[in-house]
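# Survey of secondary and tertiary structure
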Amino acid sequence: MNFDAYARTAVDLVNAGLDDLAGLLALFADDELDYMREHVVEKDLATFRRAQRRLREVFEYGTTGRDADAVRELNALLEAFPVQPRISGHDASDWHMHVTSRGSSVSVEYLAGAVWGLAVWLCEYGSARFGICADERCGNVYLDTSSNNCRRFCSERCATRSHVAAHRARKRAVLNNLAPLGGVSPL
C-alpha cells in the first residue's frame, strides 16, 4: 500500500485554492481521483476548507518542532475522518488496498485517506519532514523526501525565484555601497 500517495493528497489539499467549487474540482484532476469529481457537492467545500486549515496547522507544528501538537491534531483528524479499508481493483492481477470506502461523501473519503497518509508519514519519518516553502511569496507545504532533510522550497520554481531575488538584492547592496557621495551610481 502506498501511504506516500495518500500523504501527498494532504499536501495537495493544503496547497489547493478553495475559493469556489471549481477550485475544489481541480483537486481531483489526478486520474486516481477523477471518479470523485462527479460526486462533489457544494457542501463538501466547507468541509475541505476546515480540513485544509487544520492540516496546515499540522505542517506548521511540524516545521516548528511541535511534534506533540502535530500528533494531537492528526489524532483529532483521524477521529473525525476514520479509515475504512477495502480491497479494490478490476481483476485478480491488480488487487490493492484503499483506506476509505466508496459510498461515503467525497470529503469523508478524500480526507480519511489524506489524514491517514500524513499520520503514517509522521510515524515513519517524523514531523521534521513536513515543510513550508521558504519563499515568502509562496507558503505552499511539502513533504521533504531529500536524503538529509535539507529541502527548503516546495518546488524548483520557488527555489530559483528566491535565489534570483536574493542575488539581485546582494547586487543592489554592493552597487549602493559603491555609489559616490553625490548619490549618482557609476553604472
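Relevant structure appears above.
Okay, so let's go over this structure.

Quick notes on the rules
Residues numbered from 1 in each chain as written. Predicted model: local features only at pLDDT ≥ 70, side-chain atom pairs only at ≥ 80, totals over all residues. Heavy atoms only, no water. Helix = DSSP H or I, 4+ residues; strand = E, 2+ residues; numbered from the N terminus. Buried < 20%, exposed > 50% of the residue type's maximum accessible area, 1.4 Å probe, protein only. Areas by Shrake-Rupley, 256 points an atom, 1.4 Å probe, with all protein chains shown as cover. Lys, Arg positive; Asp, Glu negative; His and termini not counted. Charge placed at Lys NZ, Arg CZ, Asp CG, Glu CD. Phe/Tyr/Trp six-rings, centres within 6.5 Å; stacked < 30°, edge-to-face > 60°.

Our focus in this paragraph is the overall build of the protein. Along the backbone of the protein there are seven helices and four strands. Across the 187 residues of the protein, 36% fall into the buried class. For the protein, the accessible area works out to roughly 11,100 Å², and carbon and sulfur atoms hold 52% of it. Mean positive and mean negative side-chain charge positions of the protein (22 and 25 charges, respectively) differ by 10 Å.

Time to look at the packing of aromatic side chains. The tally for this structure, following the rule as stated, stands at five aromatic pairs. Seen in terms of ring centroids, F59 and F130 are 4.9 Å apart; in terms of plane orientation they differ by 40 degrees. Their pairing is tilted. Note that F59 is positioned in helix α4 (residues 42-63) and F130 in strand β3 (residues 130-132), a separation of 71 residues in sequence. Given the relative accessible area of 2%, F130 is considered buried. Arranged with centres 4.4 Å apart and planes meeting at 50 degrees, the rings of W121 and Y125 form a pair that is tilted. Remark: Y125 and W121 occur in helix α6 (residues 106-125); sequence separation between them is four residues, near one turn of the helix. Aromatic ring contacts, followed pair by pair, group F28, F48 and Y110 into a single cluster.

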